[in-house]
Amino acid sequence: MQKRLVLDQQQIGIILRRFCHQLIENHDNFENTVLLGLQPRGSILLDQLAPVLEEISGIKVPFGYLDATFHRDDFRRRDFPLKANETKIDFLVEGKNVILVDDVLYKGRSVRAAMDAMIAFGRPQKVELMVLVDRKLTRDYPIMPDYFGIRVNTLDSQYVLVEWANQGQEQDAVWITEKVKS
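Everything quoted here is computed from the prediction, not taken from an experiment.

Parameters at a glance
- Every chain is numbered independently, its residues counted from 1 as its sequence is written.
- The predicted origin of the model limits local features to residues at a pLDDT of at least 70 and limits the giving and counting of side-chain atom pairs to 80 or more, whereas totals for whole chains, interfaces and linings rest on all residues.
- Water and hydrogen atoms were dropped before computing side-chain values, which therefore reflect all heavy atoms in the structure.
- Every helix listed is a DSSP run of H or I at least four residues long, and every strand listed is a run of E at least two residues long, numbered separately from the N terminus.
- Atoms counted for the radius of gyration: C-alpha only. Globule rule: 2.2 Å times the number of residues to the power 0.38.
- Buried, partly exposed and exposed residues are distinguished by accessible area as a fraction of the type maximum, computed with a 1.4 Å probe on protein chains only: under 20%, between the cut-offs, and over 50%, respectively.
- Contacts are residue-level and defined by heavy atoms, with any inter-residue pair within 4.5 Å sufficient.
- Method for areas: the Shrake-Rupley scheme with a 1.4 Å probe, in which residue coverage is limited to the protein chains shown.
- When charges are counted, neither His nor the chain ends are considered; positive counts come from Lys and Arg and negative counts from Asp and Glu.
- For this purpose, a charge sits on NZ of Lys, CZ of Arg, CG of Asp or CD of Glu.
- When DSSP locates at least two bridges between a pair of strands, those strands are taken to pair.
- Lines fitted to C-alpha atoms define the axes, with helix axes restricted to the stretch in contact, and inter-axis angles between N-to-C directions lie between 0 and 180 degrees.
- Between N or O atoms, a polar contact is any pair within 3.5 Å; within protein, one atom must be a potential hydrogen donor and the other a potential acceptor, and residues adjacent in sequence are included only when both atoms are from side chains.

J.: Before we move on, could you go through the overall build of the protein chain and cite the residues and values that matter?
T.: A tally of regular secondary structure across the protein chain gives three helices and eight strands. For 182 residues, the compact-globule formula gives about 16 Å, and the C-alpha radius of gyration of the protein chain, at 16 Å, lands near that figure. Once the C-alpha set of the protein chain is aligned to its principal axes, its extents read approximately 45 × 40 × 30 Å. Taking all 182 residues of the protein chain together, the buried fraction comes to 46%. The long-range fraction of contacts in the protein chain, counting pairs at least 24 apart against all pairs at least 6 apart in sequence, stands at 68%. Accessible surface computed for the protein chain: about 10200 Å², of which carbon and sulfur atoms make up 48%. The protein chain carries 24 positive and 26 negative side-chain charges, and their two centres are separated by 6 Å.

J.: Account for unusual backbone geometry, with residues named and values stated.
T.: In this chain, Gln39 is followed by Pro40 through a cis amide linkage whose omega measures 0°. Along the chain, Pro40 falls in the loop between strand E2 (33-38) and helix H2 (41-57). You will see that Phe30, though not glycine, has its phi angle at about 60°, which is positive. With respect to the helices and strands, the residue Phe30 is situated in the loop between helix H1 (9-27) and E2. If you check the backbone angles, Leu137 has positive phi at about 65° while not being a glycine. Examined against the element boundaries, Leu137 turns out to sit in the loop between strand E5 (126-136) and strand E6 (147-153).

J.: Just give me the short version of the sheet that holds strand E4 (residues 97-105), but keep the residues and values in it.
T.: Read across the open sheet, the five strands follow the order E3-E2-E4-E5-E6; overall the sheet is parallel. Single-partner strands in this sheet number two, and they are strand E3 (63-66) and E6. Within this sheet the neighbouring strands show an average axis-to-axis angle of 25°, counted without direction. Contacts between helix H3 (residues 109-118) and the sheet are confined to E2, E3, E4 and E5, with E4 contributing the most and set at about 150° to the helix.

J.: Can you explain the sheet that holds strand E8 (residues 173-178)? Please cite residues and give values.
T.: The pairing of strands in a sheet happens through backbone hydrogen bonds and is either parallel or antiparallel. Taking strand neighbours across the sheet as the criterion, the three strands line up as E1-E8-E7 in an open arrangement whose pairing is antiparallel. The sheet is open, and its two borders are formed by strand E1 (3-7) and strand E7 (158-163), each paired with just one other strand. Ignoring which end each strand starts from, the neighbouring axes of this sheet average 30° apart. Relative to E8, E7 runs antiparallel, the two being bridged by six bridges. What sits directly across from Leu161, in E8, is Trp175. With respect to the sheet, H1 is in contact with E1 and E8, its orientation differing from that of E1 by roughly 35°.

J.: Run through the side chain of Asp134, naming residues and quoting values.
T.: Relative to the assigned elements, Asp134 resides in strand E5. At 2.3 Å, the side chain of Asp134 and the side chain of Arg139 are in polar contact.

Pasting the structure below:
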């Protein structure tokens, strides 16, 4: 299986800092802004982003983790049951600017499901999307990120693999690889 490196640890670090500066520019003092990491992989990205944002801005922005498993349109169509992850949100999103954070934007189905799941916590004033990798030309839904680290052109036969050092990998990295054929 051939893997092609598209982002290394240093590049990911630069992107995280750029995200923080963009957020500061767009949300100023964050008084009405919250961050939601989409479970499972968006929460890992958010865990990397939140301390950098606090370091740069001096503000601890409220954040949480959102699981949209039971809101997915393919939930009952799978050969095996999906396993839900923890939703951990200790604030309401009513009237807030919500930034949804995920690692890879592919078809848009997870983001659509997350917006449905988020409504249980209130109606936000505005929703933005932040992704590390935007896979262009693959959408099933008209969803585009407001913030992205890198845009890649991929084939349906390819997979974007995001690895994190704090998850047991050698270093933070993003790879494009071929999907395993079943």
